[in-house]
Amino acid sequence: MPRGVMPILQALCLSARALIMCKMVRNKAFPFTSIASIRALPPTAPLKSGLQNTNLEDAHEAFDRVPTPGDVFSWNKLLRDYVRNRPLHQARGLFDEMPLKDVVSWNTMLSGYYRAKRPEDVYGCLGELGRCGVLPNAYTISMAISSFLDTRFKILVPQIHGRIVCLGMVSDVIVGSALMKGYANVGNPLALERVFDDLSVKPASSWNALVSGYMEMGHVEKAERIFHLMPESQKDVVSWTCLLCGYVRNKRIDEARSVFDRMSVRDVFSWTAMMNGYVRNEKHEDALKLFVLMIKSGSRPNVFHYSCVLSACAGASSLVVGQQVHSSIIKCGIPESDDVVVMTSLVDMYANCGEIDAAFCIFANIQNKNIASWNAVMGGYAWHGPGEKAIEIFESMVENGTKPDPITFINLLSACVHGGLVEEGAKFFDCMKTKYGIQPEVEHYACMVDLYGKAGQLEKAKKLIEEMPMEPDVVVWGAFIGDCTMHSNLEFGEFAEKGIRRLKEHHPASYTMLLKIHGENGSWGRVLNLKRLMRKWHVRKQIAASWLDTS
DNA sequence: TTAGGGTTAG
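None of the values given here were measured: they were computed from a predicted structure. (Residues numbered from 1 in each chain as written. Chains lettered and ligands numbered in written order. Predicted model: local features only at pLDDT ≥ 70, side-chain atom pairs only at ≥ 80, totals over all residues. Heavy atoms only, no water.)

## Re the packing of helix H22 (residues 356-364) against helix H23 (residues 371-384)
Here H22 crosses H23 at 165°, and the two axes come no closer than 10 Å. Taken together, the axis directions place H22 and H23 in an arrangement best described as roughly antiparallel. The crossing of H22 and H23 is left-handed. Seen from H22, the contacting residues are Ile356, Phe360 and Phe363; seen from H23, they are Ser373, Trp374, Val377, Gly380 and Tyr381. Looking at the contact of H22 with H23 residue by residue, the class counts come to 6 nonpolar, 2 polar and no charged. (Axes fitted to C-alpha atoms, helices over the stretch in contact; angles between N-to-C directions. Helix = DSSP H or I, 4+ residues; strand = E, 2+ residues; numbered from the N terminus. Parallel < 35°, antiparallel > 145°, perpendicular 65-115°, else oblique. Left-handed = near helix turned anticlockwise from the far one by under 90°. Contact = heavy atoms within 4.5 Å. Nonpolar A, V, L, I, M, F, W, Y, C, P; charged D, E, K, R; others polar.)

Spelled out as structure tokens, the structure:
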């Protein structure tokens, strides 16, 4: 831990109440301390389907004045309140029953699907809108493109662009920014610049979208040139933060810090972006130092800062600082029980620091658990055991009505690996496809290879590698060679060696294990050959390290 | 009345 961080945090954070709360967590003095108690809780999300609670009478009860059938303005306001405050199927029920709809009504419904991250429904809604003869406006286009980013619908970006041309909206600033994001997302720099050129007015937001777009595509130097071309009078704190985030995204953390230091004005966004940059680049101590600097500068931390700094504590396995931050959260009166992200960060921090019981206590007290919260505690049990408990948590999650995602299965399979639960792991690997429709990614295959390999079923692990629908990566081969080494199996080790040599990434651990397996079998010629290759590829054996303090 | 250039968790 860097000098200076601890005393400042202590001075800032410690209070009797906060310490008592921390002790309560560690001593499991919270009301829910068992999986059974979690099971007794009502589901976090309503599981009702259909529109049984949604009709106009219900809507009328909730508001003083019933809109007249022709008052579309009031109907839209009612719909907005439904979208923001009620389950989405109820909003949809109201939308379907509205006597009159205009483009704002459609956009409000679309915004609900957009916020709920339901691109399929946005897509469906767009089709309906078109069939009803409603002309989309800039907000419609903006929400449609934003919903499709990072999804399989992003291939529609050029088609939406075509529609924008036909609608005569190419010079619209809102449309242009959305379209630039879309083209950056599909990796088309020529189209990105074309959209920018088509804008009749170029406010700071458009310049920023261009800089961010190039950064997203990894064209850092081009983004820098555009930033310098941007009129100085238009550059604001957002522009600088865009540049900073771009460097972070491209793992150029020193340049990000240089931008941060040159900023004449910093706001909560820029502080968070810089802290997050350090966390993403595994410079956890720097993130903690920056957190302290921010507090010294007079800024009050918010939930974004706390979740960031907790990630830093988790990454550095700094339990004591994590507890100090937890105390600070309690002392500062952040409504942590309402903030699922901060609560989940706390779960992750305690789990990463080995305090799995404390992690479970925090988890159990999250009122609005989401998939990330479940995954955080499941991941804790996956690493710290017992593996069976991770499976119990999974079963509770499913009973609770929360749908698993790919990360859930990485945690579950990891739990099976560490617990030696081969049959259970194979069952989960199968049901993630058949029951939950989640296609296994390379990380899932790596877990399965390790599961079979650790259990000595190297033939099965080899077969799985051969059947993978994608190229095995360094993690898959690393797991396999590790298991071959564990079982001193030269035959499968040679199979792994061929795979490792084909990789573009030469990880030192893989080579260390290859050396070990050949050394154990007395193949000294192979050992020398490997050492020559390591020199050629500048692969150096990793320096051994330990968390144990032997001083 | 719709969203909106930049920030958080697994």
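## What about a positive patch on the surface?
Together, Lys531, Arg532, Arg535 and Lys541 make up a region of like positive charge exposed at the surface. Note that Lys531 resides in helix H32 (residues 524-536). (Patch = residues over 30% accessible without salt bridge, like charges linked within 9 Å, V, L, I, M, F, W, Y side chains within 5 Å. Areas by Shrake-Rupley, 256 points an atom, 1.4 Å probe, with all protein chains shown as cover. Salt bridge = Lys/Arg side-chain N within 4 Å of Asp/Glu carboxyl O. Lys, Arg positive; Asp, Glu negative; His and termini not counted. Charge placed at Lys NZ, Arg CZ, Asp CG, Glu CD.)

## Details of the UniProt feature "repeat: PPR" (unreviewed entry) in chain A
As annotated in UniProt, the feature "repeat: PPR" (unreviewed entry) corresponds to residues 102-136, 203-233, 236-266, 267-301, 370-404 and 441-471 in the numbering used here. The span residues 236-266 is 74% helical and 0% strand by assignment, and the distance between its end C-alpha atoms comes to 10 Å. (UniProt positions renumbered as here; feature names shortened; annotations may be inferred.)

## Considerations on a negative patch on the surface
Together, Glu388, Glu392, Glu423 and Glu424 make up a negatively charged patch on the protein surface. The topology assignment puts Glu423 in helix H26 (residues 422-434).

## A word on the protein's contact with DNA strand B
In the region of DNA strand B, 45 residues are neighbours, and Asn107, Tyr139, Arg280, Asn375 and Asp405 sit closest. Counting only the atoms of DNA strand B within 4 Å of the protein, the fraction contributed by sugar and phosphate is 37%. Between a base nitrogen of DNA strand B and a side-chain N or O atom of Asn208, the distance comes to 2.7 Å. In the environment of DNA strand B, a base nitrogen lies 2.7 Å from a nitrogen or oxygen atom belonging to the side chain of Asp267. For the surface near DNA strand B, the element with the most residues is helix H7 (residues 103-115), which contributes 6 residues. Per-class residue counts for the surface near DNA strand B are 19 nonpolar, 16 polar and 10 charged. (Near = heavy atom within 4 Å. Polar contact = N/O pair within 3.5 Å; in protein donor to acceptor, adjacent residues only side chain to side chain.)

## Focus: helix H13 (residues 204-216)
Compared with an ideal rise of 1.5 Å per residue, which puts 13 residues at 18 Å, H13 spans 18 Å between its outermost C-alpha atoms and is within 8% of the ideal. Most of H13 is tucked away: 10 of the 13 residues are buried. Taken residue by residue, H13 has Ala204, Ser206, Trp207, Asn208, Ala209, Leu210, Val211, Gly213, Tyr214 and Met215 as its buried positions. At its buried positions, H13 is contacted by helix H11 (173-186), helix H12 (189-198), helix H14 (220-229) and helix H15 (237-249). (Expected span 1.5 Å × (residues − 1). Buried < 20%, exposed > 50% of the residue type's maximum accessible area, 1.4 Å probe, protein only.)

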